[in-house]
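Next come the chains, spelled out residue by residue.
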Amino acid sequence: MSKLVVRGGRVLSGRVRVSGAKNAALAILCASVMAQSDVSLENIPKIEDLRVMTELIKSIGAVLKWTEDDSLTISMPDAYTGMPTYALAKKLRASNLLIGPMLARFGRAEICLPGGCDIGLRPMDLHFKGFAALGARMVLEKGIMKAEAGHLKGARVYLDFPSVGATENIMMAACLARGQTVIENCAKEPEIVDLASFLNCLGGKVRGAGTDIIKIEGVEYLNGCTHYNVIPDRIEAGTFMIAAAATGGDIKLENVIPLHVEPLSAKLREAGLEVIEEEDSLRIRVVDDLRSLDIKTMPYPGFPTDLQSQMMTLLSTAPGTSEIIENIFENRFRVADELRRMGAAIKVKGRMALIRGVPKLYGAQVRATDLRAGAALVVAGLMAEGETEISGSDYIDRGYYKLEDKLSSLGGSVFRS
Ligand code: EPZ
């Protein structure tokens, strides 16, 4: 496992360009297998999760080519010629987003279920509820989900929880079902809206993405599309905003949609920072002493769970006590153990973490347990006194493109060892 070394005490300043959204690109890549002609995508981040997803899609017979630095073309033949191996599918939770598209276009799908991970069990019951409503028959054999459907039929599906993945999988499957599908209590994340607009570019008829109800009129087939530009990554943007706050910095983010990071901007303003929004950029700077605050993670437009660990780091030196309630995943406070090794005073009880602000953090040897915990430890290293060595940095590479280069360009001292 490679390591990242971070030397603290430097103030971040300057400007940095945000990459394309990992979680939009993963879903859109899966949707591309439904297109009967070529698809070309832009602003695709060259991160590990996307590399694995391209391998997964190649394993079912698609031909993919990186044209420029962040542009990708995909063409999927009329039949799939293989199934992703377990070794490949278990590397990436989002491999489950191939089931809906394959069911829709080929009438069947066979995929190893992605296991749970460090942040929670991550069941797929809501995905299966949707596929069953659309007429698919599913059998789970030795960890492999085998789904069959003649021609999917439109249906009404209520999601007990606004699951991002379930909303995406059912929306994709419904595009080629006969008749209308209505998904109620669906997720409203920007990545859902981006996927819906991509599906409509292919000739799909998806309405209402971004609201609680999405209606999809099934069509006979989906065409290709050219130069579809994926939205910027709001979680990468948020991570840089928190890093600037954590080092007393002043940075400008380019290629960002301010509305998508509004939940974080509101909280950072509450904590005493200045956030100045422009059309597709945003400036954040420290103008006051950091104030403690309370955070509850919620489905969008609530505070995103993917920025929770990074905020825990920031609040570890805010005077007073801050409270974080994690409402999305059952085990997403693991970074607290590592932050304690750096001097943080954090008490975790179930879904609640209490953070008592300490004067400073100290560099230490720590371990990343998941992608966002890893990012939180990089932020901790930037604000700590001394040097921090982060093992398990492969997790960080799953979701951040050249994080060490971007932070170094802002004046941070981050390098791979
Ligand atoms: C997506 O995961 C993101 N991943 C996650 O980002 C993100 O944290 C999550 O949405 C929430 O915003 C991708 O888009 C690839 P969910 P997903 O289905 O779709 C429960 C990152 O760091 N649930 O909205 O798996 C589930 O257990 C990653 O980039 C069911 O109970 O999230 C969880 O508690 C981490 N049954 C909650 O819903 C189901 O069938 C939210 O899960 C599905 C989900």
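Structure first, text after, so check above.
Bear in mind that the values here come from a model prediction, so they are computed numbers and not experimental data.

Caption draft 1: Highlighting the sheet that holds strand 1 (residues 3-7). Strand order in the open sheet formed by four strands is 21-22-1-23, with mixed pairing between adjacent strands. Both edges of this open sheet fall to strand 21 (365-367) and strand 23 (413-416), since each of them pairs with a single strand only. Within this sheet the neighbouring strands show an average axis-to-axis angle of 20°, counted without direction. Strand direction decides the pairing type here: strand 1 and strand 23, joined by four bridges, are antiparallel. What sits directly across from Arg7, in strand 23, is Ser413. The sheet contacts of helix 12 (residues 371-383) involve strand 1, strand 21, strand 22 (387-391) and strand 23, and relative to strand 1 the element is tilted by about 30°.

Caption draft 2: Representation of the pairing of strand 20 (residues 352-356) in the model. Of the two faces of strand 20, the one lined by Ala353 and Ile355 is fully buried and the one lined by Met352, Leu354 and Arg356 carries no buried residue. Judged from the five bridges that link them, strand 18 (residues 321-326) and strand 20 form a sheet pairing that is antiparallel. For Glu323, the partnering residue across the bridge sits in strand 20 and is Leu354. Counted between consecutive antiparallel strands, the loop separating strand 19 (residues 345-349) from strand 20 contains two residues, among which Gly350 sits at a positive phi close to 60°.

Caption draft 3: Region of interest: the side chain of His127. Locating His127 in the fold gives a position in helix 5 (residues 125-133). Discounting residues that sit within four places of it in the chain, His127 has contacts with Arg93, Asn96, Ser163, Gly165, Ala166, Asn169 and Ile170.

Caption draft 4: Representation of the pattern of salt bridges within the structure. Scanning the model with the defined rule gives 28 salt bridges in all. For the salt bridge of Glu48 with Arg51, the shortest nitrogen-to-oxygen distance reads 2.7 Å. Of the two residues, Glu48 and Arg51 both sit in helix 2 (residues 48-59), three residues apart, roughly one turn of that helix. Here Lys252 ties to Glu278 by a salt bridge, and the two come within 3.5 Å at their closest N and O atoms. Of this pair, Lys252 sits in strand 14 (residues 250-254) while Glu278 is found in the loop between strand 15 (273-277) and strand 16 (281-286), placing the two residues 26 residues apart along the sequence. Judged by its relative accessible area of 42%, Glu278 is partly exposed. Sharing partners across several salt bridges, the network here consists of Lys22, Asp49 and Arg398.

Caption draft 5: Here's a closer look at the environment of Val18. Within the element layout of this structure, Val18 appears in the loop between strand 2 (13-17) and helix 1 (22-32). Note: C-alpha distance between Val18 and Gly238 (220 residues apart in sequence) is 9.8 Å. Discounting chain neighbours no more than four positions away, the residues touching Val18 are Pro232, Asp233, Glu236, Ala237, Leu253, Glu254, Asn255 and Lys406.

Caption draft 6: Molecular detail of unusual backbone geometry. In this structure, Pro301 follows Tyr300 across a cis peptide bond, with omega equal to 10°. With respect to the helices and strands, Pro301 occurs in the loop between strand 17 (294-297) and helix 10 (308-315). Of note, the phi angle at Asn43 is positive, near 65°, even though the residue is not glycine. Relative to the helices and strands, Asn43 is located in the loop between strand 3 (39-42) and helix 2. With phi around 45°, Lys142 is a residue other than glycine that occupies positive phi space. Within the secondary structure layout, Lys142 lies in the loop between strand 7 (137-141) and strand 8 (144-148).

Rules used throughout
- Residues numbered from 1 in each chain as written.
- Predicted model: local features only at pLDDT ≥ 70, side-chain atom pairs only at ≥ 80, totals over all residues.
- Heavy atoms only, no water.
- Pairing = 2+ DSSP bridges.
- Helix = DSSP H or I, 4+ residues; strand = E, 2+ residues; numbered from the N terminus.
- Axes fitted to C-alpha atoms, helices over the stretch in contact; angles between N-to-C directions.
- Contact = heavy atoms within 4.5 Å.
- Buried < 20%, exposed > 50% of the residue type's maximum accessible area, 1.4 Å probe, protein only.
- Salt bridge = Lys/Arg side-chain N within 4 Å of Asp/Glu carboxyl O.

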